[in-house]
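# Coordinate inspection notes
Below, each chain spelled out in residue letters.
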Amino acid sequence: MIPTTLDEIGPAWLTDALGEPVEAAELVTIAQGEGFMGQLGRVRLSYGGGASPAAPASVIVKLPTAEPGGHQVGSMLRAWAREVAFYRAVAPASPGARVPRCWHAGADEAAGRWVVVLEDLGPGGGGTAVVLCEGGFSMGGAALRPFAGALAFSVGDPPMGSR
């Protein structure tokens, strides 16, 4: 099952998504009202016996917006389908790209549901790109330069949505 709201993210769902015995999950909504067309939550995890030492202490969960108009636009643009496809196919094949580890990427396009569970890269909220770009072109360009090199390998490849 793919959740539609952050309220549906709990230990049972996370156990299935992560393949680890999650006993408790403390979710905090992040980046609310910062221009993202989706729901983002930071989840701090506690595990039962048998958890892997590599199991994450916290993750970021990304879901589509619950707002009907925004959901329709995002679905029409395939925004979340493309994000799931990126984490499933492009990120693992991107040499030298430092993107958050994807612990789980799920999709049910017919139902209009998508979810991505990512490595938590830090305590910050949203808006990092905006802050970097406020530093001017040199600071914003420096932040974006690694992406250009990481994605250059795919020039001439089939579009991500067709993979």
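Residues numbered from 1 in each chain as written. Predicted model: local features only at pLDDT ≥ 70, side-chain atom pairs only at ≥ 80, totals over all residues. Heavy atoms only, no water.

### Quick notes on the overall build of the protein
Along the protein, the regular secondary structure elements total five helices and five strands. Listing every helix and strand of the protein by position from the N terminus yields α-β-β-β-α-α-β-β-α-α. Buried positions account for 35% of the 163 residues belonging to the protein. Surface exposure of the protein reaches about 9300 Å², of which carbon and sulfur atoms provide 58%. (Helix = DSSP H or I, 4+ residues; strand = E, 2+ residues; numbered from the N terminus. Buried < 20%, exposed > 50% of the residue type's maximum accessible area, 1.4 Å probe, protein only. Areas by Shrake-Rupley, 256 points an atom, 1.4 Å probe, with all protein chains shown as cover.)

### Quick word on the confidence of the model for the protein
On average, the protein scores 82 in pLDDT, and the residues at 70 or more come to 72%. Per-element confidence in the protein ranges from a low mean pLDDT of 44 for helix H4 (residues 128-134) to a high of 97 for helix H1 (residues 11-18). Residue range residues 125-135 is modelled with pLDDT below 50. Its contacts to residues more than four positions away, or to other chains, number nine contacts. (pLDDT = per-residue confidence, 0-100. Contact = heavy atoms within 4.5 Å.)

### A look at the side chain of Thr65
Structurally, Thr65 is set in the loop between strand S3 (58-64) and helix H2 (68-76). Thr65 gets classed as buried once you look at its relative accessible area, which sits at 15%. In terms of polar contacts, Thr65 uses its side chain to reach the backbone amide nitrogen of Glu67, at 3.1 Å. Non-local contacts of Thr65, meaning those with residues more than four positions away in its chain, are made with Met37, Gly38, Gln39, Gly70, His71 and Trp80. (Polar contact = N/O pair within 3.5 Å; in protein donor to acceptor, adjacent residues only side chain to side chain.)

### Here's the deal with the environment of Leu14
Mapped onto the elements of the fold, Leu14 is located in helix H1. What makes Leu14 buried here is its relative accessible area of 0%. Once residues within four sequence positions are removed from consideration, Leu14 is found in contact with Ile9, Gly19, Val22, Ala25, Val43 and Leu45.

### Remarks on the pairing of strand S5 (residues 113-119)
Strand residues, when the strand is regular, have side chains that alternate between the two faces of the sheet. Across the seven residues that make up S5, a large majority, five, are buried. As judged from the four bridges shared by S3 and S5, these two strands associate in the antiparallel manner. Considered in S5, the bridge of Ile60 is made with Leu118. Strand direction decides the pairing type here: strand S4 (residues 102-108) and S5, joined by six bridges, are antiparallel. Within the sheet, the bridge partner assigned to His104 lies in S5 and is Val117. Linkage of S4 to S5, two consecutive antiparallel strands, is achieved through a turn of four residues, within which Gly112 is found at a positive phi near 70°. (Pairing = 2+ DSSP bridges.)

### Observations regarding the environment of Ala85
Here Ala85 shows up in helix H3 (residues 79-90). C-alpha separation for the pair Ala85 and Ala107, spaced 22 residues apart in sequence, amounts to 9.2 Å.

### Digging into unusual backbone geometry
In this structure, Arg78 takes a positive phi of about 60° despite not being glycine. Summarising the element assignment, Arg78 is placed in the loop between H2 and H3. Of the residues examined, Arg78 reaches a relative accessible area of 29% and is grouped as partly exposed.

### Let's talk about the sheet that holds S5
Within the open sheet, the five strands sit side by side as S1-S2-S3-S5-S4. Their pairing is antiparallel. In this open sheet, the two strands that pair with only one neighbour each are strand S1 (22-30) and S4. When the angles between neighbouring strand axes are averaged without regard to direction, this sheet yields 20°. The strands touched by H1 are S1, strand S2 (38-47), S4 and S5; relative to S1, the strand with the most contacts, the crossing angle is about 100°. Contacting S3, S4 and S5, H3 crosses the sheet at an angle of about 40° to S5. (Axes fitted to C-alpha atoms, helices over the stretch in contact; angles between N-to-C directions.)

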